[in-house]
Amino acid sequence: MTKSPTPNKLLPWLDVLAITAWGVLMLRYWLNGKLNLLIHPNFFSLVVLGGVALIALGLLKAKELWRSRRRQRDVIPNPQHINFFAPGWGSSLLLITAILGLIITPQVFASDKALQRGVTDLLSTSRVQPQAFRASIRPEERSLVDWVRTLSVYPEPDSYTGQKVKVQGFVIHPPEIGKEYIFVARFVLTCCAADAYPIGLPVKLSTGQERYSPDTWLEIEGKMMTETISGKRQLTIAASSLKKIPQPENPYSY
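Residues numbered from 1 in each chain as written. Predicted model: local features only at pLDDT ≥ 70, side-chain atom pairs only at ≥ 80, totals over all residues. Heavy atoms only, no water.

K.L.:
So what exactly am I meant to see when it comes to the overall build of the protein chain here?
P.N.:
A tally of regular secondary structure across the protein chain gives 6 helices and 5 strands. In sequence order, the protein chain lays out its α and β elements as α-α-α-α-α-α-β-β-β-β-β. Here the protein chain, with 254 residues, has 38% of them falling under the buried criterion. For the protein chain, the proportion of contacts with a sequence separation of at least 24, taken over those separated by at least 6, is 69%. On the protein chain, roughly 15,000 Å² of surface is accessible, and the fraction owed to carbon and sulfur atoms is 58%. (Helix = DSSP H or I, 4+ residues; strand = E, 2+ residues; numbered from the N terminus. Buried < 20%, exposed > 50% of the residue type's maximum accessible area, 1.4 Å probe, protein only. Contact = heavy atoms within 4.5 Å. Areas by Shrake-Rupley, 256 points an atom, 1.4 Å probe, with all protein chains shown as cover.)

Shown next, in the form of structure tokens:
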């Protein structure tokens, strides 16, 4: 008694669906603006070209299968040599993954991910790559990442005491610091979401200032000061103004 060849006849079409679905997924992320949550903008063009190429490949493969369907005889495999794990399994997993990607919206990394690294890592500048140092830039024009990069070149916090600061980021409440502090942080993306890492600076609140809940996006204005936090002298923002803002369209820094 032989097995029906019908499943084997459908396997090539499963490949077509998987290839095409991944092409659609890549282009959809680009069109709806979610691609910046997954990879660095430098690689957008590669994703777009890859998506177009996969869709074109899927259509060509479908055309080829449709033509060969009429002129080729079905080959019935020997039941004694059927491998239930080779044909179709890879394509099935790819297709399921693509479908899940179309259904599930990518989420921005938030405070819980940052806290997994601890305050020490947030204060560390070892992963931040110093770029061309612009000594002429006004302190209040520096972004949060600019401040951290500046510290990686000149780490003495007292050097910045009294300088004006205006930065944007999301709130973190590390459990090991006092309630008079919050952290303002952002994730830095160097290639893709897999290698994203958080950087941040502590903010000292004045009496009466609201201690916003974690993941709230704020624009913070104030002046720089030096505080001892977790046993380390640390550049700290003395906040004069805390303003709640919407999450930026592109929440990551580069």
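Having seen the model, we can carry on.
K.L.:
Looking at this structure, I do not really get helix 6 (residues 144-153). What am I missing?
P.N.:
Given 3.6 residues to a turn, an α-helix orients residues that are three or four positions apart in the same direction. The element helix 6 is largely enclosed, with a buried count of 8 among its 10 residues. For helix 6, the set of buried residues is Leu144, Val145, Asp146, Trp147, Val148, Arg149, Thr150 and Leu151. Buried positions along helix 6 lie against strand 1 (164-172), strand 2 (181-188), strand 3 (197-204), strand 4 (217-229) and strand 5 (232-244).

K.L.:
What's the story with the pattern of salt bridges in this structure? I'm lost.
P.N.:
Side chains that carry opposite charge are capable of pairing whenever their charged atoms lie near each other. Applying the stated criterion across every chain, the model contains 6 salt bridges. In this structure, Arg138 engages Glu140 in a salt bridge whose closest nitrogen and oxygen atoms are separated by 3.5 Å. On the basis of relative accessible area, Arg138 is assigned to the partly exposed category, the value being 46%. Judged by its relative accessible area of 26%, Glu140 falls in the partly exposed class. Beyond isolated ion pairs, a larger network of salt bridges with shared partners links Arg138, Glu140 and Glu141. (Salt bridge = Lys/Arg side-chain N within 4 Å of Asp/Glu carboxyl O.)

K.L.:
Would you take a moment to explain the sheet that holds strand 5 for this structure?
P.N.:
What holds strands together in a sheet is hydrogen bonding between their backbones, with the strands either parallel or antiparallel. With mixed pairing, the 5 strands of this closed barrel are ordered in space as 1-2-3-5-4. Sheet twist, expressed as the average angle between the axes of neighbouring strands with direction ignored, equals 60°. When strand 1 meets strand 4, the two strands line up antiparallel, connected through 7 bridges. In the sheet register, Phe170 faces strand 4, and the bridge partner there is Trp217. Packing against the sheet, helix 6 makes contact with strand 1, strand 2, strand 3, strand 4 and strand 5, and its axis sits at approximately 95° to strand 3. (Pairing = 2+ DSSP bridges. Axes fitted to C-alpha atoms, helices over the stretch in contact; angles between N-to-C directions.)

K.L.:
Help me understand helix 3 (residues 89-103) in this model?
P.N.:
Helix length check: helix 3, at 15 residues, gives a terminal C-alpha distance of 21 Å against a target of 21 Å (1.5 Å per residue), a fit within 8%. Three or more residues of helix 3 are buried, namely Ser91, Leu95, Ala98 and Gly101. Viewed end-on, helix 3 has its buried residues packed into an arc of 120°, placing them on one side of the element. Seen from the open side of helix 3, the exposed residues pointing more than 90 degrees away from its buried face are Leu93 and Ile103. (Expected span 1.5 Å × (residues − 1). Arc of directions from axis to C-beta.)

K.L.:
Where do I start with the state of the cysteines in this structure?
P.N.:
Here is the idea: a disulfide is a covalent bond, and it sits between the sulfur atoms of two cysteines. The final tally for this structure, using the stated rule, is 0 disulfides. Unpaired in terms of disulfides, Cys192 finds its nearest cysteine sulfur in Cys191, a separation of 4.6 Å. Looking at Cys192, the relative accessible area reads 25%, which means it is partly exposed. (Disulfide = S-S within 2.5 Å.)

K.L.:
For this particular structure, what's the right way to read the side chain of Asp146?
P.N.:
Here Asp146 lies in helix 6. For Asp146, the side chain forms a polar contact with the main-chain nitrogen of Ser143, separated by 3.0 Å. (Polar contact = N/O pair within 3.5 Å; in protein donor to acceptor, adjacent residues only side chain to side chain.)

K.L.:
Even after reading the chapter, I still don't get unusual backbone geometry, so can you show me in this structure?
P.N.:
Peptide bonds are trans in most cases, and residues, glycine excluded, mostly fall at negative phi. In this structure, Asp215 takes a positive phi of about 75° despite not being glycine. For Asp215, a relative accessible area of 35% translates into the label partly exposed.

K.L.:
What should I look at first to understand the nonpolar core in this one?
P.N.:
When a protein is soluble and globular, its nonpolar side chains tend to lie buried together. Formed by 25 residues in total, the largest nonpolar core has its most connected members in Trp147, Val167, Val203, Ile220, Met224 and Ile237. Contributions of two or more residues to this core are made by helix 6, strand 1, strand 2, strand 3, strand 4 and strand 5. Top element by residues in this core is helix 6. It accounts for 5 residues. If sequence neighbours within four positions are ignored, Met224 has contacts with Trp147, Tyr160, Thr161, Gly162, Gln163, Val165, Leu201, Leu235, Thr236 and Ile237. In terms of nonpolar packing, the next biggest core, distinct from the first, is built from 15 residues, Phe170, Phe187, Trp217 and Tyr252 among them. (Core = buried A, V, L, I, M, F, W, Y, C linked by side-chain atoms within 4.5 Å.)

K.L.:
Please explain the pairing of strand 2 as it appears in this structure.
P.N.:
Successive residues of a regular strand alternate their side chains across the two faces of the sheet. For strand 2, the tally of buried residues reaches 8 of 8 residues, placing the bulk of the element in the interior. Every second residue of strand 2 is oriented toward a common face, with Tyr181, Phe183, Ala185 and Phe187 on one face and Ile182, Val184, Arg186 and Val188 on the other, all of them buried. Bridge count between strand 1 and strand 2: 3 bridges; the pairing is antiparallel. Looking across to strand 2, one finds that Ile172 is bridged to Phe183. Pairing between strand 2 and strand 3: 8 bridges, direction antiparallel.

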